[in-house]
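Residue strings, one per chain:
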Amino acid sequence: VSSCNLDQGQTSAQYRSGSWSSDYEATNVLSSGGRPWHSAYGSGKNVNQWITFDFAQPVRLSAVALSQPNGWNGAEIKKFELRCADYDRGPWTRAAGPFTAKQQKAEQIITFESECDLSRYWRLFMYDNYGYGYITLQHIRFKTAAIVHEGVACPVGTFRDRKS
């Protein structure tokens, strides 16, 4: 994993609350094409879902960009927040939010002042959706704030995803 890029470990259980199937795994949100991520389907699966992102080194985030998928009316993320931790299993601290995402397909950019200084692990915690039996997300990008960690400057002002 290169400096400030996301790790690709989100398919293991400690990196997400669940998924519909291996075709709709959490790593799907790190690339802009292809299938989205779906939480598992059923009672209670459209609330309190999460995906953890490993940046491989501590970073400070200043914005998140969400792309909701086409054709999944009601499954889009509604209320969410960002959390941070020094370890992949927590403890988790609210970094920003809660926010309300619009029920739209166009990318939504949410800027914020983070309550966390530097964290390696960041969690997208989704409180609920617009009423469907699972939550879904097509793509996510993160914007890092100005930091230098171990002599390596993380790019500022650009969104980060697996391809960056």
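Note that the structure is predicted; figures quoted are calculated from it, not measured. (Residues numbered from 1 in each chain as written. Predicted model: local features only at pLDDT ≥ 70, side-chain atom pairs only at ≥ 80, totals over all residues. Heavy atoms only, no water.)

Asks: Honestly, the sheet that holds strand E5 (residues 93–100) in this entry has me stumped. Any pointers?
Replies: Backbone-to-backbone hydrogen bonds join strands into a sheet, with any given pair of strands oriented parallel or antiparallel. The four strands are arranged E2-E7-E4-E5 in an open sheet whose pairing can be described as antiparallel. Each having just a single partner strand, strand E2 (49–59) and E5 make up the two edges of the open sheet. On average, adjacent strands in this sheet sit at an angle of 15 degrees to one another, irrespective of strand direction. Pairing analysis gives six bridges linking strand E4 (residues 79–85) to strand E7 (residues 119–126), with the strands arranged antiparallel. Its bridge partner being in E7, glutamate 81 is matched across the sheet by phenylalanine 125. (Pairing = 2+ DSSP bridges. Helix = DSSP H or I, 4+ residues; strand = E, 2+ residues; numbered from the N terminus. Axes fitted to C-alpha atoms, helices over the stretch in contact; angles between N-to-C directions.)

Asks: Help me understand the packing of aromatic side chains, please; the structure alone is not making it clear to me.
Replies: To describe a pair of aromatic rings, you give the distance between the ring centres and the angle between the ring planes. The final tally for this structure, using the stated rule, is 10 aromatic pairs. Taken together, a centroid distance of 5.1 Å and an interplanar angle of 85 degrees make the contact between tyrosine 132 and tyrosine 134 edge-to-face. Tyrosine 134 gets classed as buried once you look at its relative accessible area, which sits at 5%. Linked through ring pairs, Trp20, Tyr41, Tyr132 and Tyr134 together constitute an aromatic cluster. Of note, lysine 79 hangs over the ring of tyrosine 127, and the distance from its end group to the ring centre comes to 5.0 Å. (Phe/Tyr/Trp six-rings, centres within 6.5 Å; stacked < 30°, edge-to-face > 60°. Buried < 20%, exposed > 50% of the residue type's maximum accessible area, 1.4 Å probe, protein only. Lys NZ or Arg CZ within 6 Å of the ring centre and 35° of its normal.)

Asks: Just to check I follow, could you spell out the pairing of E7 for this structure?
Replies: In summary, the side chains of a regular strand alternate between the two faces of the sheet. With seven of eight residues buried, E7 lies mostly within the body of the structure. With seven bridges joining them, E2 and E7 adopt antiparallel strand pairing. Counterpart to isoleucine 51 in the pairing with E7 is leucine 124.

Asks: Hey, could you run me through unusual backbone geometry in this one?
Replies: Phi is mostly negative for residues that are not glycine, and the peptide bonds are mostly trans. A cis amide bond links glycine 90 with the next residue in sequence, proline 91, at an omega value of 10 degrees. Residue glycine 97 is joined to proline 98 through a cis peptide bond whose omega torsion reads 10 degrees. The backbone phi angle of asparagine 48 is positive, close to 50 degrees, even though this residue is not glycine. Of note, asparagine 48 is situated in the loop between strand E1 (37–38) and E2.

Asks: Would you take a moment to explain the side chain of glutamate 81 for this structure?
Replies: Note that glutamate 81 resides in strand E4. Reaching out from glutamate 81, the side chain makes a polar contact with the side chain of arginine 83 at a distance of 2.5 Å. Within polar-contact distance, the side chain of glutamate 81 engages the side chain of tyrosine 127 at 2.6 Å. Residue contacts for glutamate 81: discarding those within four places in its chain leaves Arg94, Ala96, Gly97, Pro98, Arg123, Leu124, Phe125 and Tyr127. (Polar contact = N/O pair within 3.5 Å; in protein donor to acceptor, adjacent residues only side chain to side chain. Contact = heavy atoms within 4.5 Å.)

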